[in-house]
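Residue-level structural notes
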Amino acid sequence: MIVDVVTLFPEIIESALAHSIPQRVMDKGLAQLNLIQLRDYGQGNYRRVDDYPYGGGGGMVMACEPLAQCLDDLLAANSYDEVVYLSPDGVPYKQPLANRLSLCQRLLLVCGHYKGIDQRIRDRYFTLEISIGDYVLSGGELAAAVVVDSIYRLLPGAIGDETSALTDSFQDGLLAPPIYTRPECWRGMSVPDVLLSGHEAEISRWRHEQALKRTQERRPDLLSGEE
Ligand code: ADE
C-alpha cells in the first residue's frame, strides 16, 4: 500500500509513525509513506499558502492555487482509491472504515490548516472527508497519523500474531475484554481462574461475556446501534 500525505508539517506525521508497528510495516516494505510539502507550491518569495476568508471573520483559509496545483500534480502522476481530507466536519472515523481503507492500493490524504480549505477545492478533489473525533485539532496531521496507523496495523504481515488485529477492540463491534499477564497473583489480586484452565472454549466464552459487559458499562451506544 502507498499513502501520500499533503502537509505543511511533515515532521509531525513522520515522528508519529516512526515507531512500533507503523515503522515495522514500512521497514518490511508492506507500506510506503510519501510526505508532500505543500509549502513547495506556495506563492511569492514567502511561499504563501494562506489567504483571507470572503465574508470576513477571524482566521485565514488555505489558499486555493497552491493546493490545487499540488493535487493536480499528484492526480496526474498517480491513481488513488480515495482522496481524503481530514476535517472535524468529516464522517466519524470508525473501525469499519479503517478496515475498508486497509484494502486500498493507494491513498492520498490532505491535511488542512488555519480555518480550513475553500469549499470549491473540497467539492472538486475529495472523495472522502474524515473526522477522528468531535474536537478541533490545530491541523490535520495528527488525524492523518491516526488514520495511517490504524490502517497499517491491519496490513497482512504487520502483526506477528495474525489473529491479533482481529481481536482488537471494535473489530466485532465490542470493546476488548480484560487481559492479564504474569504473575498469577500480583499484590494480592489473582488472574481469573478460567484463563488458567486451558479450556479454550470456556476461555473464549468468558472473553465474549467480559467484552459484552465492558461494552454495556462503558459504551452502551455501541450495543444499541446508536452513534
Ligand atoms: N483537523 C482538525 N481537527 C480534526 C479532527 N477532529 N479530525 C480530523 N481532522 C481534523
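Presented here is an overview of the structure given in this document.

Reading guide: rules and limits
- Residues numbered from 1 in each chain as written.
- Predicted model: local features only at pLDDT ≥ 70, side-chain atom pairs only at ≥ 80, totals over all residues.
- Heavy atoms only, no water.
- Helix = DSSP H or I, 4+ residues; strand = E, 2+ residues; numbered from the N terminus.
- Contact = heavy atoms within 4.5 Å.
- Areas by Shrake-Rupley, 256 points an atom, 1.4 Å probe, with all protein chains shown as cover.
- Lys, Arg positive; Asp, Glu negative; His and termini not counted.
- Charge placed at Lys NZ, Arg CZ, Asp CG, Glu CD.
- Near = heavy atom within 4 Å.
- Polar contact = N/O pair within 3.5 Å; in protein donor to acceptor, adjacent residues only side chain to side chain.
- Core = buried A, V, L, I, M, F, W, Y, C linked by side-chain atoms within 4.5 Å.
- Buried < 20%, exposed > 50% of the residue type's maximum accessible area, 1.4 Å probe, protein only.
- Salt bridge = Lys/Arg side-chain N within 4 Å of Asp/Glu carboxyl O.

Brief notes about the overall build of the protein chain
Scanning the protein chain from terminus to terminus reveals nine helices and nine strands. In terms of overall dimensions, the protein chain has a C-alpha envelope of 70 × 40 × 35 Å along the principal axes. Taking as baseline every contact in the protein chain between residues at least 6 positions apart, the subset at least 24 positions apart corresponds to 75%. Element-wise, carbon and sulfur atoms account for 51% of the exposed surface of the protein chain, whose accessible area totals about 13400 Å². Side-chain charges of the protein chain comprise 21 positive and 32 negative groups, with the mean position of each set lying 4 Å from the other.

Considering the site of the ligand
In the neighbourhood of the ligand, 13 residues make up the surrounding shell, with Ser87, Ile132, Gly133, Tyr135 and Leu137 lying closest. In the model, a nitrogen atom of the ligand is placed 3.1 Å from a nitrogen or oxygen of the serine 87 main chain. In this structure, a nitrogen atom belonging to the ligand sits 3.0 Å away from a main-chain N or O atom of leucine 137. If you list the elements that add at least two residues to the shell around the ligand, you get β5 (82-92) and β7 (128-131).

Comments concerning the nonpolar core
Inside soluble globular proteins, nonpolar side chains tend to come together where they are buried. Residues Leu101, Leu109, Ile130 and Tyr152 are the most contacted members of the largest nonpolar core, which totals 32 residues. In terms of residue count, helix α6 (residues 141-152) provides more of this core than any other element does, six residues in total. Membership of the second largest hydrophobic core comes to 21 residues, among which are Val6, Leu8, Met62 and Leu71.

Let's talk about unusual backbone geometry
Note the cis peptide between arginine 182 and proline 183, where omega equals 0 degrees. Within the secondary structure layout, proline 183 lies in the loop between α6 and β8 (185-186). The backbone of tyrosine 114 shows a phi angle near 55 degrees, a positive value even though the residue is not glycine. Among the secondary structure elements, tyrosine 114 is positioned in the loop between β6 (106-111) and α5 (119-125).

Topic: the pattern of salt bridges
Applying the stated rule across the entire model yields nine salt bridges. Between aspartate 50 and arginine 48 there is a salt bridge, and its shortest N-O distance comes to 3.1 Å. By relative accessible area, which is 36% here, arginine 48 ends up partly exposed. Between aspartate 89 and arginine 122 there is a salt bridge, and its shortest N-O distance comes to 2.8 Å. Separated by 33 residues along the polypeptide, aspartate 89 in strand β5 and arginine 122 in helix α5 bring together distant segments of the chain.

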